[in-house]
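Geometric and topological summary
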Amino acid sequence: MYLFTHINSFSNLVAEGSVGLNFDIFETNLINLLILTGGIFYLGSNALSESLVERQQKILGAIQESEERLAQATQRLTESETQLEQAQ
């Protein structure tokens, strides 16, 4: 009985014209795009920030490694120049 009363009240709303389909394509697409964009922003912002932090750490590690290699190469160059001067 409960279901029948809800179906009956819904059919009354449809008959009165207060419930129906929106055939304005621009308006419905705009609403869908706003909902989709909001959902992506809400769900993706955490993952994006974590990914960016991880990427930043990798870049900083690569820079530090490069600086260490540069220091080692400079030290080897200095040692090689010293050995060259001693050999002459």
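So, here is what we can say about the structure in this document. (Residues numbered from 1 in each chain as written. Predicted model: local features only at pLDDT ≥ 70, side-chain atom pairs only at ≥ 80, totals over all residues. Heavy atoms only, no water.)

**Things to note about the overall build of the chain**
Each helix and strand in the chain was counted, giving two helices and zero strands. When each of the 88 residues of the chain is scored for burial, the buried share is 0%. Split by element, the accessible area of the chain, about 8400 Å² in all, is 63% carbon and sulfur. (Helix = DSSP H or I, 4+ residues; strand = E, 2+ residues; numbered from the N terminus. Buried < 20%, exposed > 50% of the residue type's maximum accessible area, 1.4 Å probe, protein only. Areas by Shrake-Rupley, 256 points an atom, 1.4 Å probe, with all protein chains shown as cover.)

**Structural notes on a nonpolar patch on the surface**
Taken together, the side chains of F26, L30 and L34 present a nonpolar region at the surface, about 350 Å² in accessible area. Secondary-structure assignment places L30 in helix α2 (residues 25-87). In this structure L30 comes out as partly exposed when scored by relative accessible area, which is 41%. (Patch = residues over 30% accessible without salt bridge, like charges linked within 9 Å, V, L, I, M, F, W, Y side chains within 5 Å. Salt bridge = Lys/Arg side-chain N within 4 Å of Asp/Glu carboxyl O.)

**Quick word on the pattern of salt bridges**
Counting across every chain of the model gives two salt bridges. One salt bridge in this structure joins E54 and K58, with 3.7 Å as the shortest N-O distance. Placement of both E54 and K58 in helix α2 is noted, with a separation of four residues, approximately one turn of the helix. In this structure K58 comes out as exposed when scored by relative accessible area, which is 53%.

As far as function goes, none of this settles anything; it's purely spatial.
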